[in-house]
Amino acid sequence: MSHETLAGRTAVITGAASGMGAATALLLAARGARVALLARRADRLEEVAAKVTAEGGEALVVAADVTDQASVDAAAERVHTAYGEVDLVVNAAGVMLPNPVAEGRTDEWQRMLDTNVSGALRIIRAFTPDLVAAASAGRTADLVNISSIGAHIAFPNYAVYGATKAALSYLSASLRTELGPRDVRVTNIEPGLTDTELGSHIDNAELSGELDGMFDAMGSLSGDDIADLVAYTTSRPRHVNLRQLIVLPTRQA
């Protein structure tokens, strides 16, 4: 896709240690943005940052856990100290732990809620004032939330995961009513089957096998495909908001 320059932008990307988050960080940096990389695994973040700098970009490693408010607060302070005001935020951190609801896996439910919903909200709380200030100063300001096709397509045994993504999609729509009039763009991206680490977190052998079968039958998107959409969306003229993008492998109905 055609990307206009992102030079001069300052981006925060959560889930930047792997998958969509890492790919997004690499591409935004290649387009000229400074990138603050947030995730729990500092060693993996260092690897991503090394790739950014090897290509002439600028990256800041910030080990942070979006499920912990104190960790997010400390991360925001570190970003602000190093880079100042942020004008581009990508919520890419997420976890997918499918199981039948009847199994009552409250530990998994809480982990998905804390990461996929509350974690995104903590990041939004930390950086929305920056986005509003940037927009008020006449600059482009973007909030991008990575949701899922599971937000509105039901899959057996993915009820809680789908519910968390439905919450994120609804949150994005609602935030547009609050932030759009203040010239902050909010974009919700809903990928279908995408080859990331999410599938490796599944501890149910039957469901893991089913997911593998879907990948074999339909193929998948890559983290790079999602990064491409993020870069395209955030490089449009500031009066253009691509509000929702649903992206699927061609064979996925």
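Residues numbered from 1 in each chain as written. Predicted model: local features only at pLDDT ≥ 70, side-chain atom pairs only at ≥ 80, totals over all residues. Heavy atoms only, no water.

Hey, could you go over the overall build of the protein for me, with residue numbers and the actual values?
If you tally the helices and strands in the protein, you get 7 helices and 9 strands. For the protein, whose C-alpha radius of gyration is 17 Å, the value lies close to the compact-globule estimate of 18 Å for 253 residues. Referenced to the eigenvectors of the C-alpha coordinate spread, the extents of the protein come out at roughly 50 × 35 × 35 Å. By the burial criterion, 50% of the 253 residues in the protein qualify as buried. Accessible surface computed for the protein: about 11100 Å², of which carbon and sulfur atoms make up 52%. A gap of 6 Å separates the mean positions of the 21 positive and 31 negative side-chain charges of the protein. (Helix = DSSP H or I, 4+ residues; strand = E, 2+ residues; numbered from the N terminus. Rg over C-alpha atoms; globule rule 2.2 N^0.38 Å. Buried < 20%, exposed > 50% of the residue type's maximum accessible area, 1.4 Å probe, protein only. Areas by Shrake-Rupley, 256 points an atom, 1.4 Å probe, with all protein chains shown as cover. Lys, Arg positive; Asp, Glu negative; His and termini not counted. Charge placed at Lys NZ, Arg CZ, Asp CG, Glu CD.)

So, the nonpolar core: which residues are in play, and what are the values?
Judged by nonpolar contacts, the single largest core of 35 residues is most densely connected at Ile13, Leu28, Val35, Leu37, Val90, Ile146 and Ile189. Sorting the residues of this core by element identifies β1 (10-14), α1 (19-30), β2 (34-39), α2 (42-54), β4 (88-91), β5 (142-146), α7 (223-234) and β9 (244-247) as the ones contributing at least two each. At 7 residues, α1 tops the list of elements feeding residues into this core. The residues contacting leucine 28, other than those within four sequence positions of it, are Leu6, Ala11, Ile13, Ala33, Val35, Leu88, Val90, Val230, Ala231 and Thr234. (Core = buried A, V, L, I, M, F, W, Y, C linked by side-chain atoms within 4.5 Å. Contact = heavy atoms within 4.5 Å.)

Lay out the packing of helix α3 (residues 69-83) against helix α4 (residues 106-136) with the relevant residues and their values.
Following both chains from N to C, one finds α3 and α4 inclined at 30 degrees, their axes separated by 9 Å at the closest point. Classified by the angle their axes make, α3 and α4 are roughly parallel. Seen along the crossing, α3 lies across α4 with a hand that is right-handed. Contact residues: α3 offers Gln69, Val72, Asp73, Ala76, Val79 and His80, while α4 offers Arg122, Ile123, Arg125, Ala126, Phe127 and Asp130. Considering only residue class, the contact of α3 with α4 consists of 6 nonpolar, 2 polar and 4 charged. (Axes fitted to C-alpha atoms, helices over the stretch in contact; angles between N-to-C directions. Parallel < 35°, antiparallel > 145°, perpendicular 65-115°, else oblique. Left-handed = near helix turned anticlockwise from the far one by under 90°. Nonpolar A, V, L, I, M, F, W, Y, C, P; charged D, E, K, R; others polar.)

So, unusual backbone geometry: which residues are in play, and what are the values?
The backbone of asparagine 157 shows a phi angle near 80 degrees, a positive value even though the residue is not glycine. Here asparagine 157 shows up in the loop between β5 and α5 (159-179). In this model, aspartate 183 sits at a positive phi of 70 degrees, which is unusual for a non-glycine residue. With respect to the element layout, aspartate 183 can be found in the loop between α5 and β6 (185-191).

Quick one: what's the story with the sheet that holds β2, residue by residue and with numbers?
Strand order in the open sheet formed by 7 strands is β3-β2-β1-β4-β5-β6-β9, with parallel pairing between adjacent strands. Two strands close off the open sheet at either side, each with one partner strand: β3 (59-63) and β9. Along the sheet, successive strands turn relative to each other by an average axial angle of 15 degrees, direction set aside. In terms of strand pairing, β1 meets β4 through 3 bridges, oriented parallel. Paired with isoleucine 13 across the strands is valine 90, a residue of β4. On top of the sheet, α3 reaches β1, β2 and β3; it is set at about 160 degrees to β3, its chief contact. Here α7 sits on the sheet and contacts β4, β5, β6 and β9; the angle it forms with β6, its principal contact strand, is near 160 degrees. (Pairing = 2+ DSSP bridges.)

Break down α5 for me, with residues and values.
Taking 1.5 Å of rise per residue, 21 residues should cover 30 Å, and α5 covers 30 Å from first to last C-alpha, within 8% of that figure. Those residues of α5 lying buried are Val160, Tyr161, Gly162, Thr164, Lys165, Leu168, Ser169, Leu171, Ser172, Leu175, Arg176 and Leu179. Looking at the packing, one finds that the buried side of α5 touches α4, β5 and β6. (Expected span 1.5 Å × (residues − 1).)

Pulling in residues and values, what's your account of the pairing of β2?
Most of β2 sits inside the fold, with 5 of its 6 residues counted as buried. Note: β1 against β2, 5 bridges, orientation parallel. Of the residues in β2, the one forming a bridge with threonine 10 is arginine 34. Crossover handedness for the path β1 to α1 to β2: right-handed. (Right-handed = clockwise from strand over helix to strand, strands pointing away.)

Quick rundown of the pairing of β3? Include the residues and the values.
Of the pairings in the sheet, the one linking β2 to β3 comprises 5 bridges and is parallel in character. Note that in β3 the partner of valine 35 across the bridge is alanine 59. Crossover β2 to β3 through α2 is right-handed.

Structural measurements only, silent on function.
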